[in-house]
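Tertiary structure, described
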Amino acid sequence: MSDQNPYEKLGVSEEASFDEIQDARNRLFEQHSSDAKHLEVIEAAYDAILMDRLRMRQEGKIKVPERIRFPELRVQSPPKESPTPREQSPAWLQRMLDQPTPADIFLPGAWFLGLSSISVFYPEGGDQVLQLALVVGVGTTIYFLNRKESKFGRAVLFTLVSLIIGLIAGGLVAGWLSPQISFLNLSSNQSSTVLTFILLWLVSSFLR
């Protein structure tokens, strides 16, 4: 077989069309699928024919269909898009973060804005009003978190952790902000409650 030219190795004539050459190659591939050495000879003959057709095309002797892919050509893979910050973030963080719709942001926001208003503008009830507002805020956060994936235990856990962090951080921040917002006549508990509501709103909107 080594003395044969590429056309003879594939069993086609030199006038064969590209489709006939390709069919012959595929047929021989199926016949000798278990013989790796024979497959290499077939592939080499096929490549040689394509190169010969390319040379003849460049010399203007034949017109080769555009769909022919010559062996030295490789399909260029499209450039990879740079990953977004969400794709670059750790897997556990991706599972926690949500991509909220405007409704997922503004609906909880309306609830916490109302609770914050009650905490600020109705101080007559003292700490009882703040405690009641916090209870409602906790229930609101659990509701909106549970509505996303129906995981009640997860929603309760996130809400309680956020509440604790919010009260601690809110107390610290409120103490620092008190001189700057003294004109609002807000107590430390009121400021801390409002800051906690802001954190609960962020959790209910942007976590799942």
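Cut-offs used in this document
Residues numbered from 1 in each chain as written. Predicted model: local features only at pLDDT ≥ 70, side-chain atom pairs only at ≥ 80, totals over all residues. Heavy atoms only, no water. Axes fitted to C-alpha atoms, helices over the stretch in contact; angles between N-to-C directions. Helix = DSSP H or I, 4+ residues; strand = E, 2+ residues; numbered from the N terminus. Parallel < 35°, antiparallel > 145°, perpendicular 65-115°, else oblique. Contact = heavy atoms within 4.5 Å. Nonpolar A, V, L, I, M, F, W, Y, C, P; charged D, E, K, R; others polar. 1 Å grid on protein atoms, 1.4 Å probe; cavity = no way out; pocket = protein on both sides within 12 Å on 5 of 7 lines; lining within 4 Å. Points joined across faces, edges and corners; volume = space filled by probe spheres on them. Phe/Tyr/Trp six-rings, centres within 6.5 Å; stacked < 30°, edge-to-face > 60°. Buried < 20%, exposed > 50% of the residue type's maximum accessible area, 1.4 Å probe, protein only. Expected span 1.5 Å × (residues − 1). Salt bridge = Lys/Arg side-chain N within 4 Å of Asp/Glu carboxyl O. Arc of directions from axis to C-beta. Patch = residues over 30% accessible without salt bridge, like charges linked within 9 Å, V, L, I, M, F, W, Y side chains within 5 Å. Areas by Shrake-Rupley, 256 points an atom, 1.4 Å probe, with all protein chains shown as cover.

1. Brief notes about the packing of helix H6 (residues 102-121) against helix H9 (residues 188-206)
- Contact geometry of H6 with H9 gives a least axis separation of 9 Å together with a crossing angle of 170°. Here H6 is positioned roughly antiparallel relative to H9, judged by the angle of their axes. Of the residues in H9, those in contact with Asp-104, Ile-105, Pro-108, Gly-109, Phe-112, Leu-115, Ser-116, Ser-119 and Val-120 of H6 are Gln-190, Thr-193, Val-194, Phe-197, Leu-200, Trp-201, Ser-204, Ser-205 and Phe-206.
- Of the residues assigned to the contact of H6 with H9, the class counts are 10 nonpolar, 7 polar and 1 charged.

2. Here we look at empty space enclosed by the protein
- For the structure on display, the rule yields 1 cavity of 30 Å³ or more.
- Around the largest cavity, the lining residues are Leu-145, Asn-146, Glu-149, Ser-150, Lys-151, Arg-154, Ala-155, Phe-158 and Arg-208.
- Counting only elements with at least two residues in the lining of the largest cavity, the list comes to helix H7 (127-149) and helix H8 (152-177).
- A class-by-class count of the residues in the lining of the largest cavity yields 3 nonpolar, 2 polar and 4 charged.

3. Considering the packing of aromatic side chains
- One pass over the full model with this rule turns up 2 aromatic pairs.
- When the centroid spacing of 6.0 Å and the interplanar angle of 40° are considered together, the rings of Phe-112 and Phe-197 count as tilted. Highlighted residues: Phe-112 in helix H6 and Phe-197 in helix H9, separated in sequence by 85 residues.
- Both rings, one in Tyr-143 and one in Phe-144, keep their centres 5.1 Å apart while their planes meet at 75°; by these two values the pair is edge-to-face.
- Using a relative accessible area of 48% as the deciding quantity, one classes Tyr-143 as partly exposed.

4. Quick look at H7
- The end-to-end C-alpha separation of H7 is 34 Å, in line with the 33 Å expected for 23 residues at 1.5 Å each.
- Within H7 the residues assigned to the buried category are Val-129, Leu-130, Ala-133, Leu-134, Gly-137, Val-138, Thr-140, Thr-141, Ile-142, Phe-144 and Leu-145.
- Ser-150 lies just past H7 and shows a positive phi near 55°.

5. Some points on the pattern of salt bridges
- Summed over the entire model, instances satisfying the criterion amount to 3 salt bridges.
- Note that Arg-55 and Asp-52 form a salt bridge whose closest N and O atoms lie 2.5 Å from each other. With Arg-55 and Asp-52 both in helix H3 (residues 36-58) and 3 residues apart, the pair spans about one turn of that helix.
- Given a relative accessible area of 37%, Arg-55 falls into the partly exposed group.
- Assessed through its relative accessible area of 22%, Asp-52 is described here as partly exposed.

6. Description of helix H2 (residues 18-31)
- Its 14 residues place the ends of H2 20 Å apart at the C-alpha level, agreeing with the 20 Å of an ideal helix rising 1.5 Å per residue.
- Along H2, the residues that are buried comprise Phe-18, Ile-21, Ala-24, Arg-25 and Leu-28. Angularly, the buried residues of H2 cover 130° about the axis, an arc narrow enough to put them on a single face. Counted as exposed and oriented over 90 degrees from the buried face of H2: Glu-30 and Gln-31.
- Against helix H1 (6-10) and H3 lie the buried residues of H2.

7. Some points on a nonpolar patch on the surface
- The grouping of Leu-107, Trp-111, Leu-132 and Val-136 at the surface amounts to a nonpolar patch, some 380 Å² of accessible area in total.
- With respect to the helices, strands and loops of the structure, Leu-132 is situated in helix H7.
- You can call Leu-132 exposed: its relative accessible area is 57%.

8. Describing the packing of H2 against H3
- The interhelical angle for the contact between H2 and H3, taken along N-to-C directions, is 170°, at an axis separation of 10 Å. By the angle between their directions, the pair H2 and H3 is classed as roughly antiparallel. Between H2, through Phe-18, Ile-21, Gln-22, Arg-25, Leu-28 and Phe-29, and H3, the contact on the second element is made entirely by Leu-39, Ile-42, Glu-43, Tyr-46, Ile-49, Leu-50 and Arg-53.
- Taken together, the residues that form the contact of H2 with H3 break down as 9 nonpolar, 1 polar and 3 charged.

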